[in-house]
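# Close look at the chain arrangement
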Amino acid sequence: MDRIRIKGGVALNGTIPISGAKNAALPLMAASLLTGEALTLSNLPHLVDISTMVQLLAELGVEVSMNGMTGGGHTGRVLTLTAGEPETATAPYDLVRKMRASVLVMGPLLARWGEARVSLPGGCAIGTRPIDLHLDAFKALGAEIELEEGYVYAKAPKGLKGAKILFPFVSVGATENAMMAACLADGETIIANAAREPEITDLANCLVAMGAEIDGIGTGTLAIRGKKALHAAHHTVIADRIETGTYAVAAAITGGDVTLANTQFELFGAVGDILLKTGATVEKTDAGVRIRRDTGPVKGADVMTEPYPGFPTDMQAQIMALLAVSNGASMITETIFENRFMHVPELCRMGADINVHGASAIVRGVKKLSGAQTMATDLRASVSLVLAGLAAKGDTIVNRVYHLDRGYERVEEKLAACGARVERLQD
Ligand code: UD1
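### Observations regarding the site of the ligand
- In the neighbourhood of the ligand, 18 residues make up the surrounding shell, with Asp132, Leu133, Ser171, Asp314 and Ile336 lying closest.
- For the ligand, an oxygen atom lies 2.6 Å from a polar atom in the side chain of Asp314.
- For the ligand, whose unbound accessible area comes to 740 Å², protein coverage reaches 86%.
- Put simply, the parts of the chain that give the shell around the ligand at least two residues each are helix H5 (132-140) and helix H6 (172-182).
- Looking at the shell around the ligand element by element, the count peaks at three residues for H5.

### Quick word on the packing of aromatic side chains
- Enumeration over the complete set of coordinates arrives at zero aromatic pairs.
- The aromatic ring of Tyr151 is capped on one face by Arg117, whose charged end is 4.6 Å from the ring centroid.

### Some details on helix H10 (residues 316-323)
- Burial analysis of H10 places eight of its eight residues in the buried class, which makes it a mostly covered element.
- Residues of H10 that are buried include every one of Gln316, Ala317, Gln318, Ile319, Met320, Ala321, Leu322 and Leu323, and no others.

### Digging into the sheet that holds strand E18 (residues 303-304)
- As summarised here, the arrangement of the four strands in space is E18-E19-E21-E20, forming an open sheet in which the pairing is mixed. Strand pairing shows two members of the sheet lacking a second neighbour, E18 and strand E20 (353-357), which therefore form its edges.
- Here E18 pairs with strand E19 (residues 329-333) via two bridges, running parallel. Within E19, the residue paired with Met304 across the bridge is Thr333.
- Of the strands in this sheet, E18, E19, E20 and strand E21 (360-364) are in contact with H10, which crosses E19 at around 170°.

### A look at unusual backbone geometry
- Cis geometry marks the peptide bond from Tyr308 to Pro309; its omega dihedral reads 10°.
- With phi around 60°, Asn262 is a residue other than glycine that occupies positive phi space.
- Along the chain, Asn262 falls in the loop between strand E15 (257-261) and helix H9 (270-277).
- Owing to a relative accessible area of 53%, Asn262 belongs among the exposed residues under this scheme.
- You will see that Arg410, though not glycine, has its phi angle at about 50°, which is positive.
- Of note, Arg410 is situated in the loop between helix H13 (402-405) and helix H14 (411-416).
- Residue Arg410 is classed as buried on the basis of its relative accessible area of 18%.

### Some remarks on the nonpolar core
- Counting residues in each nonpolar core, the largest one holds 78 residues, and the members touching the most others are Met29, Val105, Met179 and Leu207.
- Top contributing element to this core by residue count: helix H1 (residues 22-31), with seven residues.
- Counting 70 residues, the second largest nonpolar core, distinct from the first, contains Ile242, Ala250, Ile253 and Ile291.

About the cut-offs
- Residues numbered from 1 in each chain as written.
- Predicted model: local features only at pLDDT ≥ 70, side-chain atom pairs only at ≥ 80, totals over all residues.
- Heavy atoms only, no water.
- Near = heavy atom within 4 Å.
- Polar contact = N/O pair within 3.5 Å; in protein donor to acceptor, adjacent residues only side chain to side chain.
- Areas by Shrake-Rupley, 256 points an atom, 1.4 Å probe, with all protein chains shown as cover.
- Helix = DSSP H or I, 4+ residues; strand = E, 2+ residues; numbered from the N terminus.
- Phe/Tyr/Trp six-rings, centres within 6.5 Å; stacked < 30°, edge-to-face > 60°.
- Lys NZ or Arg CZ within 6 Å of the ring centre and 35° of its normal.
- Buried < 20%, exposed > 50% of the residue type's maximum accessible area, 1.4 Å probe, protein only.
- Pairing = 2+ DSSP bridges.
- Contact = heavy atoms within 4.5 Å.
- Axes fitted to C-alpha atoms, helices over the stretch in contact; angles between N-to-C directions.
- Core = buried A, V, L, I, M, F, W, Y, C linked by side-chain atoms within 4.5 Å.

Fair warning: the whole summary comes from geometry, so function is off the table for now.
In C-alpha cells form, the structure reads like this:
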C-alpha cells in the first residue's frame, strides 16, 4: 500500500493548479442517466472516485468515451456519457461500498426508467450517514420504496409526480437526487431547505443546459418544472473549493506564498474569512487566488462547520492542522457529521494539544509539531496529516494513501512543485 513521506519545514512558494471539483463531478456524471443523448463533461479531476463512478455508469449501460488525457494527464479529463437503454437499474454493493456517492444514480434511474435498485451504503468512517432524506424525497414524488436483501428498491412505474419536498435539515446528496429526479417528473416540484453548495449550483446549471427548467438556483428553495425528456449538453465542472482551501492551508501552515490557479476567489467563502483571522493574506488574482503568511505566528480562531455558505465540514481537519500550530486556543465545532474527529489522535501523536468534548475540539496551539508515522481513516483526515507534516520537524509518513487518492489529484506532485519535500513510497 502506498505511503507519503514528508520532510517538514519548507515554506511553499509557487503555483498550484486546482482541479475540477470531485463533489460536483460525481452528481454531474449521474445526471447523464437523465437523457438518451450525450452529456459531455470537461475539467473532471483524475481521481479514483471518478473512475468508480465511470465503472458504475458503465455497469448501468452508459456508453463512456474518454479523452482529454493530453498534457501528461495534467489537464482535466473530458468524458462523454451516453445513457441509451439501461442494462440494469441496479447499483451493486461492491461499487456503492467503495463510494457512497453511488447513491446519486438513484434519482436519475427512478425518474427515467421508473425503477432503481441501489445497495444500501454501509456505515462510513465519518458517521452513520443514512439516506432517509433521499428516500423521503422519492416517496414525496410518488415512488414506492422497499428494502430487500441490503438493497433499496424504488419504483414508480407510472412515472414521478411533481410535489413539495421540505427537507428537515440540509443534505447535499438528497438535494441533488431530488433535483435530478424532479427534472423528469410530471408537473412542478418545490424543494425547500435545499442545500446551496456551489456544487449544487453547478449541477443545476448543467441540468438547465440539458433542457431542465429550474428556478431559485443558488438559493434554499428550488422550483423545478418537469420535462418529458432532457437533451445533450456540454458542461465544464467548477473548480474544487476544498482542494483550493487545502492548498491555501498548506501555504499558510508553512509560512509560504502560493498562487492557486484555475480556481475562483469566490469559491473560498467562509474558509477565506477564517484564514484571514489566522493571520494569512488571501488575495484575488487574475490566475485565481494568492495566499501567503509572512509575518507573525498563526493566530487562533474559532470555527464551526455548517452547510454552505458556512465553513465546510470537508475543511475541518485541514484547518485543525493549521490551528494546532497557532499561538492561541481555538474551538472547532463539527455540526454536520457526528464522528469526524478521527484525525485528532493522529495530530496529537505529532505533538498537537487537542481535546475533544462531544462535537467540539479545543485546540491549544503548540510551537512545533514533530514528524511521526500516521494513519487516517478518511480523505480529509489524511490530507490534514500531510499538512501537519509540512509544518512538522522531521519526517512524517502518512499511511493508507488510497484515502488521499480518492480526493486529491497528484497531491505529492502539486506540493513538490512548490518546494515541499514530499514523495510517494511504493511497497
Ligand atoms: C456531501 C459531500 C461530502 C460533504 C457533505 C457535507 C459529495 C459526494 N459528498 O456528502 O464531501 O462532507 O456533503 O458537506 O458531495 N443525512 C441524513 N440522511 C440523509 C442524508 C444525509 O441523516 O438521507 C445526514 C448525514 O449523515 C450528515 C448530514 O445529513 O450528517 C449532511 O450530509 P449530506 O449533506 O447529505 O452529505 P453527503 O451528500 O453525503
